[in-house]
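Coordinate analysis (summary)
Residues per chain are reported as follows:
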Amino acid sequence: MNTPFTALSEMIRLTSPFPESVTVKAWKADARKIIGLAYLAVPEEVIHAAGMLPFRLSGDNQPLPMQLAESYVLFNQCGVTKGLWQQVLEGKYAFLNGVVLSNFCDGIRRLYDNWVEFKPMPFIDVINFPRKASEDAVQMYLADLEEWRDRLSEFRMQRIQDIELQRSIAVYNRTRELMQAFYEVRKRDRPPVTGAETMEMMKAAGRMPREQYNDLLAQLLDEVKGSGREIKKGKRLMIVGNDIHNSHWIAAIEELDAVVVTDEMNAGSRYFAGKVDTGLPPMEAIARHYVLGRPQEAMTFESNRFDYIVKLAKDYKVDGVVSENLRYCAPVGNDKPWLKKEMVKHGIPIMELDLEYCEEPSGQTTLRAEAFLELLQS
Amino acid sequence: MSTTKQTTDKHWAPWTSQELAKKVRAAVDQYKKIPGIMKSGPAYLEMAADYIEAIANAERDGKHLVWHGTQMNTEVYYAMDIVPVFNEMYSVLFSMMGGPVNEIFDLSATNGLPTELCAFNKSIDGMCQAGIAPKGTMATWHGSSCDNTPKALVNLSRTQNIPTYFMDRPYKLFTKHGLAYWRKQNEEFIAFCEKITGKKMDYDRLKENVKLSWEATKLCQEIEQLTWAVPCPMSWEAAFGPLTAARSFGGHPTANAFLTLLRDELKERVKQGIGAANPERIRYVFTVSCPYFDMSLIQWMQTKCGAVIVADNIGRFRGTGEWMLDPDDPVGNLAAKQQFNMGSHNYNPGVEHKEMILEISRRAKVDAAISFNNVGCAEQAGVTRILGDSLQKQLGIPSVVVDCDILDKNFTPREQIEQQLERFFEMVVNGAAYKQRRAQQ
Ligand code: SF4
Ligand code: SF4
């Protein structure tokens, strides 16, 4: 049994109960605004520069009911959309002052549509995120972001200045550096942290003020490095595909003879890759980073996603890949056969799991994981 | 050049594009024998037969074959003598001709594609596995109107190992920056076609095609207005003709010839007061999808229930449809066309879809709304309730959602669908809003 890290426990305490945590309550008590967002198409830096708290919409470590949501969106909508919408309908996100979504995928843009239609709030916005990684796409996105900056400035009744954006970029770049360093230690032959702990660390980033988070993350990194902890497990795994946001089932896999050493998730390696260029005008730097500076994903059509996965597998000396696919997620689902072929081509074993968003580990998942590990042994 | 050579496997041999073309042609002859149908009905199917024959004969004719997704500007292909094959249209024809949809779905599942994805993805993937998908020389598509369409084309181009050009259609198409981005990609799209075919675009020819397409848009709009007449003159057999003409023959004289025929026939029917259903009990709109898996349902609704289709979500140009900005700038016009293109609102903020449905329902004097919920379509699953609620609240129009697979008629038994629709129609005609509407007519 590993001793819990103090800084990680503090992150969890501050972001509990989910979603309206002690941190959220304290922020609201100061009459400050909170803006919800989802996925990596909406730059948090701009919201932060406006003096508002960007809050990442998600589920957490318990299954989400979806029945109420299904009376609005039909059953054949993905679990993320239904799960988030259910929470909105139940009033769990009533603390938000606004929400900014995008056309990142069908699920998220339909979440926006339903929000506008059925739960209007003071500030609801949507961003045109390009589905292609190109220079022209950067320019289009930049123009759209500038318009959004105008609207958000209007909402706070004061122009968001470049200097504020530059400060926010520095804060978020610090997060990126710290997370990169955190993942670096996971490359060790005997990594000091588990995949479940890492996921908790990543989720906290989207749920608390960033300066406070950075301080805790720096502390956590020191703790991790100085802990002398060595996780002695037989196999090193990587998780790819949809974000599930329930770390329990990662923990369940790690109870077996395996440790998760990396991932290609949005609440994971994709989030902190690269850095926003501080030498460019801030909005342009942000646009450039979000379109070109991060690893491409399944939602970018013709992406280099598989190359990224293969590179991660090599860098982290991965023995096997666990691929998560949520039902009705077309971007990730359509990649499945190709991902498998690519893994076979590179001699990387893969286990495919069809999961529901935020679901708890089932006996069946554990059995499949056991069988997969046996296969890896042989 | 296209290599349309396909399987020699006996089981699949009846489903090559050459065989499919023969089946569609034979269906035209059958159609002609149906008593009392509009003459535009067989003409519509004839257009489909021409379409599939061009695909089947592309190699023989020494032409390039391009796989494409929804909303692509076919004017460009026709100006370069490239034969287009639209993945959805091809799948629909396969299904309509009785193709073994379940078997190709099974092949796709064996290939690893999740079974809950859109039927259009599974069908093309399965056809590739079966060796009956015509081999393209390139694939071009854009990110509209959902996540599945682009992915279907990505999968296909990977399987067939053919070069691609992907157009990132902006979500906010009515912005200056969105349009500039889009125009640039239209230019790149043409450059890509030039590179693959080794031919230069003849811009005079493109201009001509764009002009033809513009005239086709105007014809579609005239047809739409004629369809709104009471009683509705448009019968089931020709109802989807404008969609096929404008989408698959945009910029080709075939579209204009068909649309002119249909327009004139409708004009005549309106003049003579001929309605499609006798009596006309219910006028309905398709708010999302229509029953491609069994289009005879539209016939059944018309003949057995007196229900006529007077408006359709996908089959109309948006708003004013004024996309011809400058006759000397064909590329600019084609870029602008996307703002108004049939079904283009599916990919824009839902409020635009909603406003469009409300507008046509009002103008077409709609009594009822039907949503065929394709189980593989998460995109439409997220907007159906918004549309239904708005119609009910603002116009007193009730809606029904029929779960289906868009290509597989065995997914929901026909009897079950008929019962559901019959119950729905009874509910509609007993409603106060319906009675009030009828009293005013
Ligand atoms: S699960 Fe897929 S479709 Fe759903 S919100 Fe996430 S990326 Fe979008
Ligand atoms: S039915 Fe839906 S998922 Fe399928 S291609 Fe059409 S819009 Fe896309």
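Above this text you will find the structure in question.
Residues numbered from 1 in each chain as written. Chains lettered and ligands numbered in written order. Predicted model: local features only at pLDDT ≥ 70, side-chain atom pairs only at ≥ 80, totals over all residues. Heavy atoms only, no water.

1. A closer look at the overall build of chain B
Looking only at helices and strands, chain B has 18 helices and 8 strands in total. The globule rule puts the C-alpha radius of gyration for 441 residues at 22 Å, and the 21 Å found for chain B is close to it. Reported as C-alpha extents along the three principal axes, the dimensions of chain B are approximately 65 × 50 × 40 Å. Counting the 441 residues in chain B, one finds 67% classified as buried. Within chain B, residue pairs in contact and separated by at least 24 positions form 78% of the contacts whose partners lie at least 6 positions apart. (Helix = DSSP H or I, 4+ residues; strand = E, 2+ residues; numbered from the N terminus. Rg over C-alpha atoms; globule rule 2.2 N^0.38 Å. Buried < 20%, exposed > 50% of the residue type's maximum accessible area, 1.4 Å probe, protein only. Contact = heavy atoms within 4.5 Å.)

2. Examining the overall build of chain A
Each helix and strand counted, chain A has 15 helices and 8 strands in total. Against the compact-globule benchmark of 21 Å for 378 residues, chain A has a radius of gyration of 20 Å, which places it among compact chains. With respect to the three principal axes, the spread of C-alpha positions in chain A is 65 × 45 × 40 Å. Out of the 378 residues belonging to chain A, those deemed buried represent 66%. For chain A, the share of sequence-separated contacts (at least 6 apart) that also reach a separation of at least 24 residues comes to 75%.

3. Examining the sheet that holds strand β5 (residues 235-241) of chain A
Residue and element names in this part refer to chain A. Reading across the sheet, the 4 strands line up as β6-β5-β7-β8 and stay open at both edges, with parallel pairing between neighbours. With one partner strand each, in any of the chains shown, β6 (258-263) and β8 (350-355) form the two edges of the open sheet. With direction set aside, neighbouring strand axes in the sheet form an average angle of 30°. Examined bridge by bridge, β5 and strand β7 (residues 320-326) share 5 bridges and lie parallel to one another. Along β7, the bridge assignment pairs Met238 with Val321. Of the strands in this sheet, β5 and β6 are in contact with helix α13 (residues 305-315), which crosses β5 at around 165°. (Pairing = 2+ DSSP bridges. Axes fitted to C-alpha atoms, helices over the stretch in contact; angles between N-to-C directions.)

4. Considering the pairing of β5 of chain A
All names here are of chain A. Judged by how many residues are buried, β5 sits mostly within the fold: 7 of 7 residues are covered. Pairing between β5 and β6: 5 bridges, direction parallel. Bridge pairing in β6 links Met238 to Thr262. After leaving β5, the chain enters helix α10 (residues 248-254) and then returns to the sheet as β6, a path that is right-handed. (Right-handed = clockwise from strand over helix to strand, strands pointing away.)

5. Some words on the environment of Lys336 of chain A
Structurally, Lys336 of chain A is set in helix α14 (residues 330-345). With a relative accessible area of 10%, Lys336 of chain A lands in the buried category. For the pair formed by Lys336 of chain A and Ala273 of chain A, sequence separation is 63 residues and the distance between their alpha carbons is 23 Å. Residue contacts for Lys336 of chain A: discarding those within four places in its chain leaves Asn325, Glu352 and Asp354 of chain A together with Gly112 and Pro114 of chain B.

6. Looking at the packing of aromatic side chains
Going through the model one piece at a time under the given rule, you end up with 28 aromatic pairs over all chains. Ring centres of Phe123 of chain A and Phe155 of chain A lie 4.8 Å apart, and the angle between their planes is 25°; this geometry places the pair in the stacked category. Separated by 32 residues along the polypeptide, Phe123 of chain A in strand β4 (residues 123-127) and Phe155 of chain A in helix α6 (residues 135-156) bring together distant segments of the chain. Classification of Phe123 of chain A by relative accessible area gives buried; the value is 6%. Overall, the relative accessible area of 18% leaves Phe155 of chain A in the buried class. Ring centres of Trp67 of chain B and Tyr90 of chain B lie 5.8 Å apart, and the angle between their planes is 70°; on these two criteria the pair is classed as edge-to-face. Of this pair, Trp67 of chain B sits in strand β1 (residues 65-68) while Tyr90 of chain B sits in helix α4 (residues 87-96); the two residues are 23 residues apart in sequence, bridging distant segments of the chain. Comparing Trp67 of chain B with Tyr90 of chain B, the two get one shared label, buried. (Phe/Tyr/Trp six-rings, centres within 6.5 Å; stacked < 30°, edge-to-face > 60°.)

7. What to know about the site of ligand 1
Inspection of the region around ligand 1 gives Tyr39, Cys78, Val80, Cys105, Ile108, Asn242, Met299, Leu326 and Cys329 of chain A as its neighbouring residues. Split into classes, the residues belonging to the shell around ligand 1 amount to 8 nonpolar, 1 polar and no charged. (Near = heavy atom within 4 Å. Nonpolar A, V, L, I, M, F, W, Y, C, P; charged D, E, K, R; others polar.)

8. Things to note about the interface of chain B and chain A
Facing the 59 residues of chain B at the interface are 48 residues of chain A. Across the chain B to chain A interface the summed buried area is about 4,400 Å²; carbon plus sulfur atoms make up 52%. Run the count over chain B and chain A and you get 8 salt bridges. Here Asp335 of chain A makes a salt bridge to Lys151 of chain B, at a shortest N to O gap of 3.0 Å. Put simply, chain B and chain A have 34 residue pairs in polar contact (both at pLDDT 80 or more) between them. Looking at the side of chain B that touches chain A, the element that brings in the most residues is helix α7 (residues 148-160) of chain B, giving 7 residues. (Buried area = accessible area lost by both parts, 1.4 Å probe. Salt bridge = Lys/Arg side-chain N within 4 Å of Asp/Glu carboxyl O. Polar contact = N/O pair within 3.5 Å; in protein donor to acceptor, adjacent residues only side chain to side chain.)

9. As for the sheet that holds strand β7 (residues 368-374) of chain B
Residues and elements named next belong to chain B. The sheet built from 4 strands is open, its strands ordered β6-β5-β7-β8 with parallel pairing. The open sheet has two edge strands with one neighbour each: β6 (307-312) and β8 (399-404). This sheet shows a mean twist of 30° between the axes of neighbouring strands, independent of strand direction. In terms of strand pairing, strand β5 (residues 282-286) meets β7 through 3 bridges, oriented parallel.

10. Some details on the packing of helix α2 (residues 40-56) of chain B against helix α11 (residues 253-272) of chain B
Residues and elements named next belong to chain B. At a minimum axis separation of 10 Å, α2 and α11 run at an interaxial angle of 170°. One finds that α2 runs roughly antiparallel with respect to α11. Seen along the crossing, α2 lies across α11 with a hand that is left-handed. Along the contact surface, α2 presents Ser40, Ala43, Tyr44 and Met47, while α11 presents Thr254, Phe258, Leu261, Leu262 and Glu265. By residue class, the composition of the contact of α2 with α11 is 6 nonpolar, 2 polar and 1 charged. (Parallel < 35°, antiparallel > 145°, perpendicular 65-115°, else oblique. Left-handed = near helix turned anticlockwise from the far one by under 90°.)

11. Structural notes on helix α2 (residues 22-29) of chain A
All names here are of chain A. Here α2 has its buried residues at Thr23, Val24 and Trp27. Viewed along the axis of α2, the buried residues span an arc of 100°, placing them on a single side of the element. Where α2 is buried, its residues contact α1 (6-14), β1 (34-37), β2 (53-56) and α9 (210-226). Just downstream of α2 lies Ala31, where phi reads positive at about 60°. (Arc of directions from axis to C-beta.)

12. Concerning the pattern of salt bridges
For the structure shown, the criterion picks out 70 salt bridges over all chains. With a shortest N-O distance of 2.2 Å, Arg270 of chain A and Glu264 of chain A are connected by a salt bridge. Judged by its relative accessible area of 2%, Arg270 of chain A falls in the buried class. Salt bridges here are not isolated pairs; linked through shared partners, they connect Glu264, Arg270, Arg294, Glu297, Arg305 and Asp335 of chain A together with Lys151 of chain B.

13. Examining the nonpolar core
Among the nonpolar cores identified, the biggest contains 248 residues, and Trp115 of chain A together with Ile370 of chain B are the most heavily contacted of them. The contact partners of Trp115 of chain A, leaving out residues within four places of it in the chain, are Leu57, Trp85, Val88, Leu96, Val99, Leu101, Pro120, Met121 and Ile124 of chain A. (Core = buried A, V, L, I, M, F, W, Y, C linked by side-chain atoms within 4.5 Å.)

14. Some remarks on α1 of chain A
By the burial criterion, the buried members of α1 of chain A are Ala7, Leu8, Met11 and Leu14 of chain A. Buried residues of α1 of chain A, viewed axially, fall in a sector of 125°; they line one side.

15. Observations concerning unusual backbone geometry
Following Phe18 of chain A, the chain continues to Pro19 of chain A via a peptide bond in cis, the omega torsion being -5°. Summarising the element assignment, Pro19 of chain A is placed in the loop between α1 and α2. Cis peptide bonds are those with omega within 30 degrees of zero, and the linkage from Asn278 of chain B to Pro279 of chain B qualifies with -5°. In this structure, Tyr328 of chain A is a non-glycine residue whose phi angle is positive, near 70°. With respect to the helices and strands, Tyr328 of chain A occurs in the loop between β7 and α14. Taking the relative accessible area as the measure of exposure, Tyr328 of chain A reaches 14% and is therefore buried. Even without a glycine there, the phi angle at Gln71 of chain B is positive, about 75°. Relative to the helices and strands, Gln71 of chain B is located in the loop between β1 and α3 (74-79).

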